[in-house]
Amino acid sequence: MSVVQAAEPNPLHHRRGEGAEFPESPPCIRHSASPSAISHSAFGIPHLAVTEARPGGSRALPTAAALLASLFLFGAPGRAEVTVQATVDRNVVGVNDPFVMTVVVSGAGMGVSDPRIPEITGLGFAAAGRSQNVSIVNGSMTQSVVFTYQVTATTPGRHVIPSVAITAGGKTYATDPIQVTASAGGAGTTAGAAAGPPPVKVVAEAGKRRVYVGEQVPLVVRFFNRAQLASQPSYSPPDTAGFLVEDLPGRNYQGSSQGVAYAVAELRYALFGTSPGNPVIGPAVVQATVAERDAADPFGMFFRRGRTFTLKTDPIPVVVLPLPDSGKPAGFRGAVGSFTVRSSVDRTSVEAGTPVTLTFEVTGRGLVRSLKEPEWPALPSARRYETVSDVNMKKTADAVAGTKTFRTVIVPQAPGKLAIPGISYPFFDPEARRYVAAKTAAIMLDVKPGKGGTSTAQAPGLPGKATESDIRFIKSRYDLAPVAEPLPLRPRFWALQALPALFLLAGLAVSFRRRVLLTDPAGVRAAGARRTAMKRLKTAGALAKTGKTAELHAAVHEALTRFLADRWRVSPSGLTLNAAEGRLREKGADEELLNRVRETWEQADLVRYAPMAASARDPGEVLSTAGRLIADLEKFA
Amino acid sequence: MSALLLAFILSSAANAGPVSLKPTAPSNPKDEFVRANSAYEAGKFADALAAWEGLYARGLSGASLCYNIGCAHYRLGRRGHAILWFERARSLAPRDEDIRFNLSLARSHLPDETVPPWETFDRVLSPGELSVLVAILLAFLLGAAGFGALTGRDSGKLKPWLAGAAVALVVLGAWLALRARDLASPQGFVVAAAAEVRSGPGEEYTAGFTVPEGRRALLLNSRNGWVEIGVPGQGLKGWVREEAVRKI
């Protein structure tokens with residue numbers, strides 16, 4: 001038989017340095033009312049269970065949907081005999097030490113009233129939930145309703161829980177009285193215990209309050225929850241000024257506090273005091289909203305109210321002691337913890353001038369990440385270069401451990417045996433309260449002659465990278481100039497690159513015009529007709545100054561006729577005055593303009609063939625009149 | 001961020017070296033340069049360095065000056081500074097054999113130093129030379145095209161040259177773009193011996209790893225006397241004290 005229980009509470013996750021939320025969904029009650037939620041036991045008996053938790057509430061609505069579904073699917077419940085039974089989890093308790101009383105009503109599902117708990121001096125009752133189980137065996141359904149109470153004895157002595165009356169199916173049933181003995185020795189400590197244990201609480205606990213600089217202070221923050229949360233709680237980690245902090249793996253589990261079952265989300269930290277003093281671990285803050293149901297609301301299962309709790313842990317003062325001066329060994333570089341050391345080389349037989357990697361490992365418990373490199377031994381016949389390091393952390397639930405590896409390159413300079421002495425690494429062991437000097441074993445290198453016979457001609461760096469052992473000499477050439485922005489970053493330089501582009505654009509424009517001239521000469525003439533006509537008139541002006549009246553009028557005639565012919569894209573030789581008048585009239589020219597055209601045309605025509613007929617008109621006036629006429633004709637031509 | 005970096009760069013330039021030799025009045029730069037060279041030849045490396053850096057602080061630069069400053073730092077055991085100045089010299093005179101050799105020698109002291117294989121090729125031309133080449137190719141191509149359009153002549157025999165110039169322009173243009181990007185992104189070198197790189201800008205943050213003197217670093221951010229650096233090729237990032245790095 002399987003029973004759907006209230007969901008496990010969420011684990012406590014957070015981000016350091018800021019308020020964070022508990023990422024998983026809050027504990028909730030899952031109602032397995034739908035057919036798909038029906039589970040089967042090993043015996044193939046379908047079993048449907050409805051579990052309902054109502055912290056702080058005394059009246060609960062049965063899960064109507066589940067029951068209706070079960071009734072619809074499996075028919076009416078069997079007619080079983082109704083029995084009512086009350087039990088406690090223990091009969092001997094402490095004062096203010098809560099214990100659990102359970103009232104089970106078997107054989108009845110619908111119409112079961114809440115038990116009527118009488119007022120009892122010395123005992124406090126708090127309803128902890130009501131659950132309803134439905135079992136279907138061979139098509140016959142049996143139901144039971146279970147009421148759970150947290151009971152607390154507030155005075156020592158013998159107490160009797162009297163009969164509890166329950167109405168089921170219109171009948172009233174009563175439980176047997178239960179005797180409980182409360183002793184003063186088992187007192188609870190939580191505030192408000194008489195009114196029942198709190199639904200949520202948070203507690204911080206430091207494993208040590210008095211440590212040395214660099215010694216670990218284990219810190220645990222536990223979030224206790226036995227309620228249904230309306231939303232994900234937020235968490236602000238404690239202020240840990242004065243400490244270096246490493247996060248340790250947290251966990252979630254079912255636990256208890258003062259006899260009350262809780263789901264516990266646990267966060268763990270390792271704190272390391274950075275300097276002597278009295279730093280205080282600040283409060284961790286959890287804000288959690290506990291869901292509350294409105295009993296009068298039939299939709300309370302969907303729309304819940306919430307009560308928000310802001311929970312803070314107590315500040316924890318810590319005394320950070322300085323490391324003792326007495327016994328501090330030479331070469332101590334601040335390592336605190338418990339460590340072992342190991343050194344190795346990547347090869348023991350090398351040629352002179354060939355690099356060898358010397359590795360030094362520090363492994364143990366402590367703030368491994370901050371360990372300094374060891375004091376490397378002096379090697380007169382070898383060169384040593386810089387050190388690089390890497391860290392491999394291994395965190396357990398209560399400690400920071402790991403390995404820090406330092407690597408350096410040494411280059412033996414002369415053939416023979418090269419002894420790398422043991423490397424000492426002193427540290428302070430806070431458990432033993434003394435300094436310990438761990439030391440590696442010595443390493444012997446067999447150095448053979450280099451390819452050049454000696455090693456001193458080799459470059460001090462990695463072989464093959466250089467063939468000279470020293471830098472080259474300085475330069476005496478004076479080439480100083482004001483510091484300038486690099487050319488690629490100067491906008492002016494790139495602006496100059498527009499010049500060739502402009503040249504290209506000009507070329508393209510010329511090319512385009514040339515192509516137009518070749519493909520549409522009449523169009524080009526039409527576009528430049530007025531300009532051409534004005535040029536002709538200007539030329540005619542020069543003729544007028546020399547007294548060549550006939551030539552002047554001939555030029556005026558030509559300017560006028562060619563202007564019209566070019567604009568109309570016709571041959572000037574075939575253009576007559578009548579034809580011109582006709583076209584102008586079609587284009588809307590008025591009579592006044594036509595008269596001016598006719599007068600100018602005929603006058604020019606007359607004079608160029610009969611110069612004697614030239615009037616006494618000023619040549620300049622003739623030209624300006626013709627110019628104005630051509631300008632006025634432009635919109636009709 | 002750029003303002004902070006600028007402040008950092010300026011302060012780096014201002015505090016770039018010792019000040020044991022400080023001229024009281026500005027002298028002829030050439031005389032000063034020759035005098036510093038003489039001091040170096042006499043083994044007075046610190047004096048020579050101060051004089052050369054004084055010239056640099058006066059807004060003067062040149063491949064010889066940067067190279068000489070690098071030599072002086074090397075002699076004084078400051079390999080990080082030496083690499084920094086040799087790099088500066090190489091950016092001005094990329095094909096100078098002495099500069100390349102000294103830089104290679106200084107870098108050979110670095111453990112696990114890996115030089116990208118393309119770097120030797122990449123540094124054959126300086127950014128300025130690349131820019132001029134690109135400008136010439138651009139002018140040649142656009143000019144030839146413009147001239148052809150202007151005169152209406154067919155390019156004819158010039159066509160293979162124009163095609164070659166176009167390909168060269170694309171290649172050099174891409175190369176120049178990459179170099180310009182490098183120039184625009186602040187880079188520097190670690191100048192402190194085994195700088196501890198921390199997870200945040202402060203001593204209270206844990207030291208994750210150390211970076212050897214002379215290692216190239218990207219300068220990413222700056223805050224309260226700390227600089228965030230990235231170590232190219234290793235994917236490492238963290239904060240070091242401002243005085244532990246110098247911008248190229």
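Rules behind the numbers
- Residues numbered from 1 in each chain as written.
- Chains lettered and ligands numbered in written order.
- Predicted model: local features only at pLDDT ≥ 70, side-chain atom pairs only at ≥ 80, totals over all residues.
- Helix = DSSP H or I, 4+ residues; strand = E, 2+ residues; numbered from the N terminus.
- Buried ≥ 20, exposed ≤ 12 C-beta atoms within 10 Å, placed from the backbone.
- Contact = placed C-beta atoms within 7 Å.
- Pairing = 2+ DSSP bridges.
- Axes fitted to C-alpha atoms, helices over the stretch in contact; angles between N-to-C directions.
- Parallel < 35°, antiparallel > 145°, perpendicular 65-115°, else oblique.
- Left-handed = near helix turned anticlockwise from the far one by under 90°.
- Nonpolar A, V, L, I, M, F, W, Y, C, P; charged D, E, K, R; others polar.
- Expected span 1.5 Å × (residues − 1).
- Arc of directions from axis to C-beta.
- pLDDT = per-residue confidence, 0-100.
- Core = buried A, V, L, I, M, F, W, Y, C linked by C-beta atoms within 7 Å.
- Domains from an automatic or database assignment.

Observations concerning the overall build of chain B
Alright, step 1. Counting its regular elements, chain B contains nine helices and eight strands.
Alright, step 2. Here chain B, with 248 residues, has 38% of them falling under the buried criterion.

Notes on the overall build of chain A
Alright, step 1. Within chain A one finds nine helices and 33 strands.
Alright, step 2. Relative to its 637 residues, chain A shows a buried fraction of 34%.
Alright, step 3. Restricting the contact set of chain A to residue pairs at least 6 apart, pairs at least 24 apart contribute 72%.

Considering the sheet that holds strand S13 (residues 200-206) of chain A
Residues and elements named next belong to chain A.
Alright, step 1. Reading across from one edge, S13-S15-S18-S17 is the order of the four strands in this open sheet, with antiparallel pairing throughout. Two strands in the sheet have a free side with no partner beyond their single neighbour: S13 and strand S17 (243-257). Neighbour-to-neighbour, the strand axes of the sheet open up by a mean angle of 15 degrees, direction not taken into account.
Alright, step 2. In the sheet, S13 pairs with strand S15 (residues 216-225) via seven bridges, with the strands oriented antiparallel. When the bridges of S15 are listed, Val202 appears paired with Phe223.

What to know about the packing of helix H2 (residues 29-41) of chain B against helix H3 (residues 45-57) of chain B
Residues and elements named next belong to chain B.
Alright, step 1. Two elements in contact, H2 and H3, have axes separated by 7 Å at closest approach and are oriented at 160 degrees. With respect to H3, the element H2 is oriented roughly antiparallel. Our pair here, H2 against H3, has a crossing hand that is left-handed. Along its contact with H2, which presents Pro29, Glu32, Phe33, Arg35, Ala36, Ala39 and Tyr40, the element H3 presents Phe45, Asp47, Ala48, Ala51, Trp52, Gly54 and Leu55.
Alright, step 2. Partitioned by chemical class, the residues of the contact of H2 with H3 number 10 nonpolar, one polar and three charged.

Focus: the sheet that holds strand S5 (residues 92-94) of chain A
Residue and element names in this part refer to chain A.
Alright, step 1. Taken in spatial order, the three strands make up an open sheet running S5-S12-S9, and their pairing is mixed. Among the strands making up the open sheet, the edge pair consists of S5 and strand S9 (157-161). Geometrically, the sheet is characterised by an average inter-axis angle of 35 degrees between neighbouring strands, direction not taken into account.
Alright, step 2. In the sheet, S5 pairs with strand S12 (residues 178-183) via three bridges, with the strands oriented parallel. What sits directly across from Gly94, in S12, is Ser183.

Section: helix H9 (residues 619-633) of chain A
Residue and element names in this part refer to chain A.
Alright, step 1. An ideal rise of 1.5 Å per residue puts 21 Å on 15 residues; H9 measures up with 21 Å between its terminal C-alpha atoms.
Alright, step 2. Inspection of H9 places Val622, Leu623, Ala626, Leu629, Ile630 and Leu633 among the buried residues, and these make up the whole buried set. The arc that holds every buried residue of H9, seen down its axis, measures 125 degrees, which confines them to one face. Across H9 from its buried face, at more than 90 degrees, point the exposed residues Gly620, Glu621, Arg628 and Ala631.
Alright, step 3. Of the surrounding secondary structure, the elements contacted by the buried residues of H9 are helix H5 (529-545), helix H6 (549-568) and helix H8 (591-609).

A look at the environment of B:Ala51
Alright, step 1. Note that B:Ala51 resides in helix H3.
Alright, step 2. Between the C-alpha atoms of B:Ala51 and B:Glu32, which are 19 residues apart in sequence, the distance is 6.8 Å.

Thoughts on the confidence of the model for chain B
Residues and elements named next belong to chain B.
Alright, step 1. Looking at chain B, the pLDDT average stands at 82 and 86% of residues meet or exceed 70.
Alright, step 2. Least confident of the elements in chain B is helix H1 (residues 2-14), whose mean pLDDT is 38; most confident is helix H4 (residues 63-75), at 94.
Alright, step 3. Taken as a whole, residues 1-24 scores under 50 in pLDDT and shows 29 contacts with residues more than four places along the chain or in a different chain.
Alright, step 4. Confidence estimates for the predicted assembly give a pTM of 0.38 and an ipTM of 0.73.

Quick look at the interface of chain B and chain A
Alright, step 1. The partner chain A presents 47 residues to the 55 residues of chain B that form the contact.
Alright, step 2. Within the residue set of the side of chain B that touches chain A, elements represented by two or more residues are H2, strand S1 (60-61), H4, helix H6 (97-107), helix H8 (127-151), helix H9 (159-184) and strand S4 (207-211) of chain B.
Alright, step 3. Take the side of chain B that touches chain A: its biggest share by element is 13 residues, from H8(B).
Alright, step 4. Tallied by class, residues from the side of chain B that touches chain A come to 31 nonpolar, 18 polar and six charged.
Alright, step 5. Note: strand S33 (residues 481-482) of chain A against S1(B), two bridges, orientation antiparallel. When the bridges of S1(B) are listed, A:Pro482 appears paired with B:Leu60.

Some thoughts on the nonpolar core
Alright, step 1. If you look at the biggest cluster of nonpolar residues, it comprises 62 residues, and the most contacted ones within it are A:Leu219, A:Leu271 and A:Phe427.
Alright, step 2. Residue contributions to this core peak at 10 residues, all from strand S18 (residues 260-273) of chain A.
Alright, step 3. A domain split of this core shows at least three residues from each of domain 2 (200-320) and domain 3 (330-448) of chain A.
Alright, step 4. Excluding residues that lie within four positions of it along the chain, A:Leu219 makes contacts with A:Ala204, A:Ala206, A:Tyr269, A:Leu271 and A:Ile281.
Alright, step 5. With 49 residues, the next largest nonpolar core counts B:Phe33, B:Trp52, B:Cys66 and B:Leu103 among its residues.

Focus: unusual backbone geometry
Alright, step 1. Despite not being glycine, A:Gln258 shows a phi value in the positive range, around 50 degrees.
Alright, step 2. With respect to the helices and strands, A:Gln258 occurs in the loop between S17 and S18.
Alright, step 3. Of note, B:Asn224 is a non-glycine position whose phi angle comes to about 50 degrees, a positive value.
Alright, step 4. With respect to the helices and strands, B:Asn224 occurs in the loop between strand S5 (216-223) and strand S6 (226-231).
Alright, step 5. With 9 C-beta atoms counted inside 10 Å, the residue B:Asn224 sits in the exposed group.

Topic: H8(B)
Residues that lie three or four places apart on an α-helix share one face, since the helix turns once every 3.6 residues.
Alright, step 1. Taking 1.5 Å per residue as the helical rise, H8(B) with its 25 residues ought to reach 36 Å, and the 36 Å between its terminal C-alpha atoms agrees with that figure.
Alright, step 2. The set of residues buried in H8(B) consists of B:Pro127, B:Leu130, B:Ser131, B:Val134, B:Leu137, B:Leu142, B:Gly146 and B:Ala149.
Alright, step 3. Against helix H2 (491-496) and helix H3 (498-519) of chain A together with H9 of chain B lie the buried residues of H8(B).

Here's the deal with the packing of H5(A) against H9(A)
In a pair of packed helices, the angle between the axes and the distance between the axes together describe the arrangement.
All names here are of chain A.
Alright, step 1. Two numbers describe how H5 lies on H9: the axes approach to 10 Å, and their chain directions differ by 175 degrees. The angle between the axes of H5 and H9 places the two elements in the roughly antiparallel class. Facing H5, whose interface residues are Arg530, Ala533, Met534, Leu537, Ala540, Gly541 and Ala544, H9 presents Pro619, Leu623, Ala626, Gly627 and Ile630.
Alright, step 2. Among the residues forming the contact of H5 with H9, the class breakdown is nine nonpolar, two polar and one charged.

Some points on the confidence of the model for chain A
Residue and element names in this part refer to chain A.
Alright, step 1. When pLDDT is averaged across chain A, the result is 76; 77% of the residues are at 70 or more.
Alright, step 2. Segment residues 185-194 is flagged for pLDDT under 50; beyond a separation of four residues in sequence, or across chains, it makes 24 contacts in the model.
Alright, step 3. With pLDDT under 50 throughout, residues 452-467 is counted as low confidence; its partners more than four residues away or in other chains account for 36 contacts.

Focus on the environment of A:Gly122
Alright, step 1. Looking at where A:Gly122 falls in the secondary structure, it is placed in the loop between strand S6 (99-106) and strand S7 (123-137).
Alright, step 2. Leaving out residues up to four positions away in the same chain, A:Gly122 has contacts with A:Ala153, A:Thr154, A:Thr155, A:Gly157 and A:His159.

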